[in-house]
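Descriptive analysis of the structure
This is what each chain is made of:
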2 protein chains.
Amino acid sequence: MLGAPFSLCYNDFGDTMTISSLTNDKIKNLQKLGQKKYRTETGLFLVEGRHLVEQAIASGLCREVYTTDETYSGFPRVEVVTEPVMKKISDTDTPPGIVAVCSRPKPGPVGKHVLLLDGVSDPGNLGTLLRSALAFGFQTVVLDDCVDFTNPKVLRSTQGAVFGLNLIETSILDFIPQHPNHVFFGTDLHGGSGLEGLDVVPAQCGLILGNEIRGVRPEVLAITNRNLVIQIGEIESLNVAVAGGILMYWLKKDH
Amino acid sequence: MLGAPFSLCYNDFGDTMTISSLTNDKIKNLQKLGQKKYRTETGLFLVEGRHLVEQAIASGLCREVYTTDETYSGFPRVEVVTEPVMKKISDTDTPPGIVAVCSRPKPGPVGKHVLLLDGVSDPGNLGTLLRSALAFGFQTVVLDDCVDFTNPKVLRSTQGAVFGLNLIETSILDFIPQHPNHVFFGTDLHGGSGLEGLDVVPAQCGLILGNEIRGVRPEVLAITNRNLVIQIGEIESLNVAVAGGILMYWLKKDH
């Protein structure tokens, strides 16, 4: 599945060689993973930093590790690279010294609590929402027309949550009628009702959050069981990741 | 108070001239407002985009407007600039066509609900927290060793909330004992108690949130009335702006 560009080349002595060439084919391919098109084509993405790499390894999604640390032994397939090479691979100004090539996670069975994101476009917002989803037990996340979750900025904001979630990229308009045992809550700044009336939260539910500017699409709001709003004053709206955190906390807490 | 570099120069005919020179002294000074040092020295900062400029004008903090739109008439002191000049002034890749020079807001009397931020360092997090503070009526915000709130990234995330808040830059360790009628809630991932026990919320209270890595300093936690934690699973912590949103919502809602 990894394909030729990502096969590992050890030297004839059986141990790894340090990659120092900036034009090495593997390094050029790793760098291409900065582009969404190439990530989609290969089904691969990069995570940076020891914390994320460890979580990638624990999740079983890690394929290869690249590091500047010659003593690193946390994974069977490791390539040692020089600092200039790491700088070329890394998405950040201060490269963390270790990156992992990971396979895109495969969707699994739909859980009891589902977060549905309708066109979330800011990488920081998507990452923060995924982090909160894992924290509050919304283990299934449906992504419809959102920023790519393997985008480096998204991955940094998730703090590794991407490796603990069941991520499903599909149409929300298709997903809702396919799950009649879930109660779906939309969010609607204009027509939603407050959380106060929501005394009994169903055991199986879905929470739908929308795009930063447009919110949830009207055609989605039209097929939910109920639409909610967080009552606020003196400002037009909350940040979508903040609203999502409040609503997920509310839907999971004991009433 | 504006000082010579920001005084306005009209031509002899009484109307404004379009500034096209990238080396114009005013333009160079505006560009310098990208640096925190220069913002602190002058007591001035820039906001970009029509939405923020309108809020700056409404707040009384706007001093001058620079725009590429020759027909703009929303403020008495306007300078028309060319697009390359706007690009030089702007902090963004796609300049919004209008910016305002604003005076730093002056602290006012302390309100009933206070948000206290102990070393929040990420501009997006600070901006989002200020936006939520205004939404939930925490109109006084104490900033202790945080990223500068006039940083362009902070201002973008606030969505203009900075113009509706009473921002006080001071030591939290000094502030708490000076306000004995407020009940102060710290946040402590390790020693805090859950929100469930918090049935009666005091009419005057302060919520303290900490740095993204270190949390609230132990010496601050030691002088609060009570320390809280949001119960979560499968992940180490929530994003500070999400945690802040949940706690502010909780402290303001009817129980």
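1. A short note on the sheet that holds strand β3 (residues 78-80) of chain B
Sheets are built from strands paired through backbone hydrogen bonds, the pairs being either parallel or antiparallel. All names here are of chain B. The mixed open sheet is built from four strands, whose spatial order is β1-β4-β2-β3. Edge strands, defined here as strands with exactly one partner in the open sheet, are β1 (44-48) and β3. Across this sheet, the average inter-strand angle for adjacent strands is 20°, counted without regard to direction. Two strands pair when backbone bridges link them, and β1 and strand β4 (residues 98-103) are joined in this way by five bridges, in the antiparallel orientation. The partner of V47 across the bridge, within β4, is A100. In this fold helix α1 (residues 25-32) packs onto β1, β2 (62-67), β3 and β4, with an angle of close to 110° to the strand it touches most, β2. Sheet strands touched by helix α3 (residues 50-59): β1, β2 and β4. Its angle to β4, the strand with the most contacts, is close to 35°.

2. Some points on empty space enclosed by the protein
All names here are of chain A. Here the structure, examined in full by the defined rule, presents one cavity of 30 Å³ or more. If you trace the largest cavity, you find it lined by L46, V47, E48, L52, P152, L155 and R156. Of all the elements in the fold, those that place two or more residues in the lining of the largest cavity are β1 (44-48) and α6 (152-158). For the lining of the largest cavity, a count of residues per class yields five nonpolar, no polar and two charged. Taken domain by domain, the lining of the largest cavity gets at least three of its residues from each of domain 1 (4-103) and domain 2 (113-252).

3. Here's the deal with the confidence of the model for chain A
Residues and elements named next belong to chain A. For chain A, per-residue confidence averages 90 on the pLDDT scale, and 93% of positions sit at 70 or higher. Counting contacts from residues 1-5, a segment whose pLDDT is below 50, to residues more than four positions away or on other chains yields five contacts. Scoring the predicted complex yields pTM 0.89 and, for the interface, ipTM 0.87.

4. Remarks on the relation of the copies chain B and chain A
For the match of chain B to chain A, the screw axis carries a shift of 0.0 Å, the RMSD comes to 0.0 Å, and the turn is 180°. As the rotation angle and translation indicate, the two copies are arranged about a two-fold axis. The overlap is high: 100% of the interface residues of chain B also sit at the interface in chain A, so the same surface is used on both sides.

5. Notes on the pairing of strand β5 (residues 113-118) of chain B
Residues and elements named next belong to chain B. Counting buried positions over the six residues of β5 gives six, a clear majority of the element. Going residue by residue along β5, you find H113, L115 and L117 tucked away on one face and V114, L116 and D118 tucked away on the opposite face as well. As judged from the six bridges shared by β5 and strand β9 (residues 205-210), these two strands associate in the parallel manner. Paired with H113 across the strands is C205, a residue of β9. Examined bridge by bridge, β5 and strand β6 (residues 140-144) share five bridges and lie parallel to one another. If you follow L116 over to β6, its bridge partner there is V142. Of the crossover connections in this fold, the one passing from β5 over helix α5 (residues 123-135) to the parallel β6 is right-handed.

6. Quick word on unusual backbone geometry
All names here are of chain A. Phi at D145 takes a positive value of approximately 60°, unusual for a residue other than glycine. By secondary structure assignment, the location of D145 is in the loop between β6 (140-144) and α6. Even without being glycine, Q159 reaches a positive phi, approximately 55°. With respect to the helices and strands, Q159 occurs in the loop between α6 and β7 (166-169). Under the relative-accessibility criterion, Q159 is labelled partly exposed at 36%.

7. Observations regarding the nonpolar core
Among the nonpolar cores identified, the biggest contains 116 residues, and V47, L115 and L117 of chain A together with V47, L115 and L117 of chain B are the most heavily contacted of them. When neighbours within four sequence positions are excluded, V47 of chain B is seen to be in contact with L52, V53, A56, I98, V99, A100, C102, L155 and F163 of chain B.

8. Describing the interface of chain B and chain A
Across the boundary between the two partners, chain B contributes 29 residues, which contact 29 residues of chain A. Interface area lost by chain B to chain A is led by R131, I235 and Y249 of chain B, which between them contribute 24%. Linking chain B with chain A are zero salt bridges, by the criterion used here. For the pair chain B and chain A, the number of links is four residue pairs in polar contact (both at pLDDT 80 or more). Of all the secondary-structure elements, those providing two or more residues to the side of chain B that touches chain A are α5 and α9 (240-252) of chain B. With six residues, α9 of chain B is the single largest residue contributor to the side of chain B that touches chain A. Here the residues of the side of chain B that touches chain A sort into 14 nonpolar, 10 polar and five charged.

Conventions used here
- Residues numbered from 1 in each chain as written.
- Chains lettered and ligands numbered in written order.
- Predicted model: local features only at pLDDT ≥ 70, side-chain atom pairs only at ≥ 80, totals over all residues.
- Heavy atoms only, no water.
- Pairing = 2+ DSSP bridges.
- Helix = DSSP H or I, 4+ residues; strand = E, 2+ residues; numbered from the N terminus.
- Axes fitted to C-alpha atoms, helices over the stretch in contact; angles between N-to-C directions.
- Contact = heavy atoms within 4.5 Å.
- 1 Å grid on protein atoms, 1.4 Å probe; cavity = no way out; pocket = protein on both sides within 12 Å on 5 of 7 lines; lining within 4 Å.
- Points joined across faces, edges and corners; volume = space filled by probe spheres on them.
- Nonpolar A, V, L, I, M, F, W, Y, C, P; charged D, E, K, R; others polar.
- Domains from an automatic or database assignment.
- pLDDT = per-residue confidence, 0-100.
- Least-squares fit on C-alpha atoms with pLDDT ≥ 70 in both.
- Buried < 20%, exposed > 50% of the residue type's maximum accessible area, 1.4 Å probe, protein only.
- Right-handed = clockwise from strand over helix to strand, strands pointing away.
- Core = buried A, V, L, I, M, F, W, Y, C linked by side-chain atoms within 4.5 Å.
- Buried area = accessible area lost by both parts, 1.4 Å probe.
- Salt bridge = Lys/Arg side-chain N within 4 Å of Asp/Glu carboxyl O.
- Polar contact = N/O pair within 3.5 Å; in protein donor to acceptor, adjacent residues only side chain to side chain.

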